[in-house]
Amino acid sequence: LMHEGFHQYIHFAIGEIDNAVWFNEGMAEYFSGLDERGEVKQVPDRPERMKQLLARKKPDFAALFQKTLEEFYEPASAEENYLLAGALMYYLLKGAPVSGHPEYAAIPGKFYDELIKTGDWRKATGETWKDIDMTEFTRHFCEFWNSDRYHAKAELFEPTKIKKEQPAQ
């Protein structure tokens, strides 16, 4: 329900323009873990499934970022695409901040802003990721998903409850 609700929300929030499937499905998968207290928890089998995927191959984010809806939903790769998109958003919003890479947490917001500004998901994706060293990013992403310690820390981290520093009096 949360997954499908996010699709409805984002559709209207971005003015009904085409959205990048990596962002749309990734955020919908992220919100699938929303609990009754309003906190996002890990989808139970995702960590193990990600470890299995990473044991077979490194994620190809460049390919994921360019997928159209039709390509994302291809029967031969749809399950892996959903897994990777959801794992990406979970990492960006909860994993990166607790594993020493808080700068990545700004990526979803940057994409959203670029999408509103450009009205083009491909341009917005390119602009969002242009300054990110994808080799390093992929290494950090894989380190997170292969670490039970980082998973435990991420479960306790709630990005919406970050305390802002008070302005100087």
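Predicted, not measured: the structure shown is a model, and the values here were computed from it.

A. Quick look at the packing of helix H3 (residues 46-56) against helix H6 (residues 78-98). Where H3 meets H6, the closest approach of the two axes is 11 Å, and the angle between their N-to-C directions is 110 degrees. Judged by the angle between their axes, H3 and H6 are roughly perpendicular. Along this stretch, H3 crosses H6, giving a crossing that reads as left-handed. Touching Arg46, Arg49, Met50, Leu53 and Arg56 of H3 are Glu79, Glu80, Leu83, Leu84, Gly86, Ala87 and Tyr90, all from H6. Grouping the amino acids of the contact of H3 with H6 by side-chain chemistry returns six nonpolar, one polar and five charged.

B. Summary view of the confidence of the model for the chain. On average, residues of the chain score 86 in pLDDT, and 84% of them reach the 70 mark or higher. Low confidence marks residues 163-169, where pLDDT is under 50. Its contacts with residues over four positions away, or in another chain, come to zero contacts.

C. Just the packing of helix H9 (residues 134-145) against helix H10 (residues 148-156), in detail. At their nearest, the axes of H9 and H10 sit 6 Å apart, and the two run at 85 degrees to each other. Between H9 and H10, the crossing angle belongs to the class labelled roughly perpendicular. Along the contact surface, H9 presents Glu143, Phe144 and Trp145, while H10 presents Tyr150, His151 and Ala154. Residue composition of the contact of H9 with H10, by class: four nonpolar, one polar and one charged.

D. Region of the structure containing the side chain of threonine 128. Within the fold, threonine 128 resides in helix H8 (residues 121-129). Here threonine 128 falls in the buried class, since its relative accessible area comes to 2%. At 2.7 Å, the side chain of threonine 128 forms a polar contact with the backbone oxygen of alanine 124. Leaving out residues up to four positions away in the same chain, threonine 128 has contacts with Ile107, Lys110, Phe111 and Glu114.

E. Examining H10 more closely. Buried within H10 we find Tyr150, His151 and Ala154. Viewed end-on, H10 has its buried residues packed into an arc of 105 degrees, placing them on one side of the element. Exposed residues lying more than 90 degrees from the buried face of H10 are Asp148, Arg149 and Leu156. Taken together, the buried residues of H10 touch H3, H6 and H9.

F. Examining the pattern of salt bridges more closely. Under the defined criterion, the tally for this structure stands at 11 salt bridges. A salt bridge links lysine 57 to glutamate 80; the shortest N-O distance between them is 2.7 Å. Here the residue lysine 57 occupies a position in the loop between H3 and helix H4 (61-66), and glutamate 80 occupies one in helix H6, the gap between them amounting to 23 residues. Residues glutamate 127 and lysine 130 are paired through a salt bridge, measuring 2.8 Å at the closest nitrogen-oxygen approach. Several salt bridges converge on common partners, so that one network encompasses Asp45, Arg49 and Glu79.

G. Summary view of the nonpolar core. Formed by 41 residues in total, the largest nonpolar core has its most connected members in Trp22, Leu88 and Phe141. For this core, the secondary structure elements donating two or more residues are helix H2 (21-31), H3, H4, H6, helix H7 (107-118), H8, H9 and H10. Of all the elements, H6 adds the most residues to this core, at 12 residues.

H. A look at H3. Buried residues of H3: Arg46, Pro47, Met50, Leu53 and Leu54, and no others. Around the axis of H3, the buried residues are gathered within 125 degrees of arc, so they sit on the same side. Away from its buried face, by an angle of more than 90 degrees, H3 presents the exposed residues Ala55 and Arg56. At its buried positions, H3 is contacted by H2, H6, H9 and H10.

Parameters at a glance
- Residues numbered from 1 in each chain as written.
- Predicted model: local features only at pLDDT ≥ 70, side-chain atom pairs only at ≥ 80, totals over all residues.
- Heavy atoms only, no water.
- Axes fitted to C-alpha atoms, helices over the stretch in contact; angles between N-to-C directions.
- Helix = DSSP H or I, 4+ residues; strand = E, 2+ residues; numbered from the N terminus.
- Parallel < 35°, antiparallel > 145°, perpendicular 65-115°, else oblique.
- Left-handed = near helix turned anticlockwise from the far one by under 90°.
- Contact = heavy atoms within 4.5 Å.
- Nonpolar A, V, L, I, M, F, W, Y, C, P; charged D, E, K, R; others polar.
- pLDDT = per-residue confidence, 0-100.
- Buried < 20%, exposed > 50% of the residue type's maximum accessible area, 1.4 Å probe, protein only.
- Polar contact = N/O pair within 3.5 Å; in protein donor to acceptor, adjacent residues only side chain to side chain.
- Arc of directions from axis to C-beta.
- Salt bridge = Lys/Arg side-chain N within 4 Å of Asp/Glu carboxyl O.
- Core = buried A, V, L, I, M, F, W, Y, C linked by side-chain atoms within 4.5 Å.

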